[in-house]
Amino acid sequence: MSKSLLRTAVPSSRPSRRGILAALTAAALIGSLAACSPSPAPTETNEEVAVVDGGEIVIGAEQEPDCTDWIATCGGSIWGSYIMQIPTMPGVFQTRLVDDEWQPVASDLVTGEPTTEVAADGTQTITYEINPDAVWSDGEPITSADFEYTALQIRDGDDIFDKTGYDRITAIDASDPKTVVVTLNSTYAGWRTLFSVYGVMPSHLLEGQDRAAIMAEGYDFSGGPWKIEKWTRGTSVTLVPNENYWGEKPHLDKVTFLFLPDTTAAFQALKSGQVSALYPSPQLDALTQIEAGLPGIKSQVDARSGNLEAIWLNNAAAPFDSVAVRQALAYSIDRDAIVKRLFGSLGIDEAQQSFNSPMVAPFASDDFSQYSLDLDKVDELMEGDGWKKNGDGVWAKGGETATFSIKTLAGNKRRDLTVQVLQSQLADAGFEMTIDQVTPADLFGTIAPEGDFQAGIWALVDTFADPTLSATFSSVNIPSEANGFSGINFYRTNIPGLDDLLSQVDNEIDTDARIEVSHEADALIAENVPSLPLDTVPNVLLWDEKIGGPLQINPMEGPFWNLAEWGLAG
């Protein structure tokens, strides 16, 4: 998958760092998902076991990030955020459970909720008051200069993952070391994402230096409870406590994340005690094992998910440079059947009908529900676009056939099953699909940004409860050589009228009006089928009963958001 400012693309389930709001609305959908889910065993979401200080644990990590320069395109892996960014980078807002809803809450980096004001000329100012106790791991204070450095690196840099919001900054007043006043050229409803999704970087260490090089392979500074002690490529990442962290210190002396991309091997490692916790993307065999019970292993399964998996289509590459072909593809696939096959055991058997995930449910419409398996409709659309089936039953036009390759990640059995089912269904409809397994590094480092694909299957992960389809589908976010390959509109989507609607979603402060225009954008997206949503992937956390503390999946920040509170059971 991949990540946008609010949303990250991720391999099995990479990132999009997405936005804010979800809280109010997510509840309904979440509730409905939970209600229809017979949920495998446990799920004591708030179970808390007393811990002792000291000791170390090893945790299995499904993916290894390409780099640790979080604002760059190479830093888009959600697993990189889970295991290194969130524990070390200070941010203004964190996602926390409030009244049973995951909401953005001001962190202890600041003294309270920042204040914001919209002027008569439409400009917006945001004032941040920095906690006087906040320091970097070398003891230097976190100041307004760090905010200014971070903002300008994102706004003015090349190869930036997503500049949404930062591209509106016209002025930064950092004259007071503990107060920052940021001015935007227009209202930005997602302003809470600023200095939150990416966090804040230390200007005293990076100003005038090659940030990308310093942060590529791990870094030795921290403004969070943990520091990166060591990153051994292909093997592991080790965290140790940041002794100068001003908040609650970790109970554990050391945490090592062992890279285990193969689900079967990861489960064996958990059962043998080689690792003490896993956060696997739901695989069929994994779900079966969880349902059967794993001795000595506790688990949590949560349908509240911002992981949105889809068939991503390159709108600038044949045959998907035709709206009719993309619509025909949508009518060729029985998405509900696929979802039921994958997650039926969790009670989830209906396809996702919007690219707005359940975490931003109020902003999502169900316009993609118009696309269900209908081969007559496929014939009508393809023939209307000038295609005819050849002797092999494959659509052909102008000497070309409706043959395409789909990129998928190797080693993911659930994905393997998905593409096999897709291949069969599409063959019945006259499409010829081949399967091309690639690595996450290749997919999100070069293939997707450079548009070197026809189709792919991966997930976008919302990392902030705010709708941000502009990051995914606005034409200004198409990565190119001219913009230093910034942006995650890997799909080269350029639908007339859509940019304006998505911009309104980003600008509108009034929630009701924002939801209304979001639904308009959803309808236009569904009409043009720039890609096809499949499902939201449930979250699963497994851990050895020897681990204590309040373990709970945070659908925005992942399972290790409160790792400082974990420990060996006392």
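Located above this text is the structure these notes cover.
The structure reproduced in this document is the subject of the present report. This one's a predicted model, so the numbers in the text were calculated from it and none came from an experiment.

### Overview of the overall build of the chain
- Summing up its helical and strand segments, the chain has 15 helices and 28 strands in all.
- In terms of overall dimensions, the chain is globule-like: its C-alpha atoms have a radius of gyration of 23 Å, near the 25 Å expected for 570 residues.
- In terms of principal-axis extent, the alpha carbons of the chain reach across some 70 × 65 × 40 Å.
- The 570 residues of the chain split such that 61% are buried.
- As presented, the chain carries roughly 19700 Å² of accessible surface, and 47% of it is formed by carbon and sulfur atoms.
- For the chain, the centre of its 35 positive side-chain charges and the centre of its 82 negative side-chain charges are spaced 4 Å apart.

### Digging into helix α11 (residues 413-429)
- With 17 residues, α11 should cover 24 Å at 1.5 Å per step; its first-to-last C-alpha distance of 25 Å lies within 8% of that length.
- Residues of α11 that are buried include every one of R414, R415, L417, T418, V419, V421, L422, Q425, L426 and A429, and no others.
- Once α11 finishes, G430 follows within two positions and takes phi at roughly 100°, a positive value.

### Describing the packing of helix α14 (residues 498-507) against helix α15 (residues 511-528)
- In the contact formed by α14 and α15, the axes pass within 9 Å of each other and the chain directions differ by 155°. Relative to α15, the element α14 lies roughly antiparallel. Handedness of the α14/α15 crossing: left-handed. Note on element contacts: α15 touches α14 through R514, V517, S518, E520, A521, L524 and I525, opposite L498, L501, L502, Q504, V505 and D506.
- Here the residues of the contact of α14 with α15 are counted per class, giving 8 nonpolar, 2 polar and 3 charged.

### Observations concerning the packing of helix α9 (residues 335-343) against α11
- Between α9 and α11, the least distance of the axes is 11 Å, while the angle of their chain directions is 155°. Taken together, the axis directions place α9 and α11 in an arrangement best described as roughly antiparallel. For the pair α9 and α11, the sense of crossing is right-handed. The residues of α11 that touch α9, namely those facing I338, R341, L342 and F343, are R414, L417, T418, V421, L422 and Q425.

### Some words on the pattern of salt bridges
- Under the defined criterion, the tally for this structure stands at 12 salt bridges.
- As a salt-bridge pair, R96 and E557 come within 3.1 Å of each other at their nearest N and O atoms. Residue R96 is found in strand β7 (residues 93-98), and its partner E557 is found in the loop between β27 (547-550) and β28 (567-569); the two are separated by 461 residues along the sequence.
- With relative accessibility at 19%, the residue R96 sits in the buried group.
- Residue classification places E557 among the buried residues on the basis of a relative accessible area of 10%.
- Salt-bridge contacts for E380 lead to K377; the nearest nitrogen and oxygen are separated by 3.9 Å. Separated by 3 residues within a single helix, E380 and K377 lie in helix α10 (residues 375-384), roughly one turn from each other.
- Judged by its relative accessible area of 28%, K377 falls in the partly exposed class.

About the cut-offs
Every chain is numbered independently, its residues counted from 1 as its sequence is written. Where totals are concerned, whole chains, interfaces and linings use all residues; where local detail is concerned, this predicted model gives features only for residues with pLDDT of at least 70, and gives and counts side-chain atom pairs only at 80 or more. Hydrogens and waters are ignored; side-chain quantities use all the structure's heavy atoms. Working definition: helices are DSSP H or I runs of at least four residues, strands are E runs of at least two. Numbering for both runs from the N terminus. Atoms counted for the radius of gyration: C-alpha only. Globule rule: 2.2 Å times residue count to the power 0.38. Partly exposed residues are those whose accessible area sits between 20% and 50% of the maximum for their type, while under 20% is buried and over 50% is exposed, using a 1.4 Å probe and protein chains only. Accessible areas in this description were obtained via Shrake-Rupley with a 1.4 Å probe; residue shielding takes into account the shown protein chains only. His is not counted, nor are the chain ends; Lys and Arg add positive charge and Asp and Glu add negative charge. To locate a charge, the coordinates of NZ of Lys, CZ of Arg, CG of Asp or CD of Glu are taken. Here the expected length of a helix is defined as 1.5 Å per residue gap, with one fewer gap than residues. Only the contacting stretch of a helix is used when fitting its axis, a line to C-alpha atoms as for every element, and angles between N-to-C directions run 0 to 180 degrees. Roughly parallel means an angle under 35 degrees; roughly antiparallel means over 145; roughly perpendicular covers 65 to 115; every other angle is labelled oblique. Two helices cross in a left-handed way if the nearer one is turned anticlockwise from the farther one by less than a right angle. They cross in a right-handed way if the turn is clockwise. We call two residues in contact whenever any of their non-hydrogen atoms come within 4.5 Å of each other. Each residue receives one of three labels: charged for Asp, Glu, Lys and Arg, nonpolar for Ala, Val, Leu, Ile, Met, Phe, Trp, Tyr, Cys and Pro, and polar for the others, Gly being one of them. Salt bridges, as used here, are contacts in which a Lys or Arg side-chain nitrogen is within 4 Å of a carboxyl oxygen on Asp or Glu.

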